[in-house]
Amino acid sequence: AGDRPIEPADVDLLVAPAREASIFSAVDAIVERRPGIAMRSLYRLLDGGASVPYILVMLARQFRMLLLARHLRGKGVDDAEIGSRIGLRAGFALRKTLEQTGRFTPDYLARAHRDLLDAELETRSGDLDERLVLEMLVARLAGLPERVTQTADRILEELLAEAPGGAGASGAIEGAAVNRLFRR
């Protein structure tokens, strides 16, 4: 800042790139199916002020690129053309995305894309807390065992059914369910 006092705009210049790097680290952990790192990264992002819609958009973007890259590779399209078509010009990002495509079947990528759409619709409906929707989505996408995510769904449904006031009083219950499952 030189000889002048540091202002909020100065801090924003430094914090924005760090937050951007964090979202890419979180997305990588999710895509690489490392649930512990993915959940910790998610909580760091949320605690740092990242919004649920922003995280959903970034996840959807990455899974869409993986789905398209996988499809184009299957058609024999060369890597440079794939990069051009999915909008990745940087060599590192393109190489990483192409490497990640080999880890997934087309069915898994299509299912992940549907899960992202469902999560987007659930956050917009307001029936469930958007943070909980995101946590459950990340748990599924990051490869938390299905029995754990099914148990989480069941616990949440039971707690909501028992809650006075029904789904409208669900915020505290959702938080308690997530704490019991993910923050031990």
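Our structure is the block above this text.
Being a predicted model, the structure only gives us computed values, none of them experimental.

Attention now goes to the packing of aromatic side chains. Across all of its chains, the model carries one aromatic pair by this definition. Each ring, one from Phe104 and one from Tyr108, has its centre 4.8 Å from the other, and the planes form 15 degrees; the classification is stacked. You'll find Phe104 and Tyr108 in the same group, each marked buried.

Structurally, the position occupied by Thr97 is in helix H5 (residues 91-101). Taking the relative accessible area as the measure of exposure, Thr97 reaches 4% and is therefore buried. The residues touching Thr97, leaving out its near neighbours within four places in the chain, are Gln62, Met65, Leu66, Ile86 and Leu88.

Under the 1.5 Å per step criterion, the end-to-end length of helix H7 (residues 130-141) is 16 Å for twelve residues, consistent within 8% with the ideal 16 Å. With respect to burial, H7 is a largely interior element, nine of its twelve residues being buried. The complete set of buried residues in H7 reads Leu132, Val133, Leu134, Glu135, Met136, Leu137, Val138, Ala139 and Leu141. You can read the cap of H7 off the contacts: a side-chain oxygen lies 3.1 Å from the backbone nitrogen of Arg131, and it is on Asp129. Immediately beyond the C-terminal end of H7, within one or two residues, lies Gly143, with a positive phi of roughly 90 degrees.

Attention now goes to the pattern of salt bridges. With the rule as written, the count across this model stands at nine salt bridges. In this structure, Glu32 and Lys96 form a salt bridge, with 4.0 Å as the shortest nitrogen-oxygen distance. Of the two residues, Glu32 sits in the loop between helix H1 (8-31) and helix H2 (35-47) while Lys96 sits in helix H5, which places them 64 residues apart along the sequence. A relative accessible area of 22% means that Lys96 is categorised as partly exposed.

The geometry of helix H6 (residues 106-125) relative to H7 is characterised by a closest axis approach of 9 Å and an angle of 170 degrees between their N-to-C directions. Here H7 runs roughly antiparallel to H6, going by the angle between their axes. Within the contact between the two elements, H6 uses Tyr108, Ala112, Asp115, Leu116, Ala119, Glu122 and Thr123 and H7 uses Glu130, Val133, Leu137, Arg140 and Leu141. A per-class count over the contact of H6 with H7 returns seven nonpolar, one polar and four charged.

This next bit is on the environment of Ala38. Here Ala38 shows up in helix H2. Separated by 101 residues in sequence, Ala38 and Ala139 place their C-alpha atoms 8.0 Å apart. If we skip the residues at most four places from it in the chain, Ala38 touches Ala29, Ile30, Val138 and Ala142.

Among the structural elements, Gln62 can be located in helix H3 (residues 52-74). Beyond its immediate stretch of four places on either side in the chain, Gln62 contacts Val27, Val31, Thr97 and Gln100.

Attention now moves to the nonpolar core. Within the largest apolar cluster, 33 residues are counted, with the highest numbers of intra-cluster contacts made by Ile55, Leu59, Phe63 and Leu134. Elements represented by at least two residues in this core include exactly H1, H2, H3, H6 and H7. Take this core: its biggest share by element is eight residues, from H3. Leu72, Ile82, Leu88 and Leu98 belong to the second largest nonpolar core, which has nine residues in total.

Cut-offs and rules
Residues numbered from 1 in each chain as written. Predicted model: local features only at pLDDT ≥ 70, side-chain atom pairs only at ≥ 80, totals over all residues. Heavy atoms only, no water. Phe/Tyr/Trp six-rings, centres within 6.5 Å; stacked < 30°, edge-to-face > 60°. Buried < 20%, exposed > 50% of the residue type's maximum accessible area, 1.4 Å probe, protein only. Helix = DSSP H or I, 4+ residues; strand = E, 2+ residues; numbered from the N terminus. Contact = heavy atoms within 4.5 Å. Expected span 1.5 Å × (residues − 1). Polar contact = N/O pair within 3.5 Å; in protein donor to acceptor, adjacent residues only side chain to side chain. Salt bridge = Lys/Arg side-chain N within 4 Å of Asp/Glu carboxyl O. Axes fitted to C-alpha atoms, helices over the stretch in contact; angles between N-to-C directions. Parallel < 35°, antiparallel > 145°, perpendicular 65-115°, else oblique. Nonpolar A, V, L, I, M, F, W, Y, C, P; charged D, E, K, R; others polar. Core = buried A, V, L, I, M, F, W, Y, C linked by side-chain atoms within 4.5 Å.

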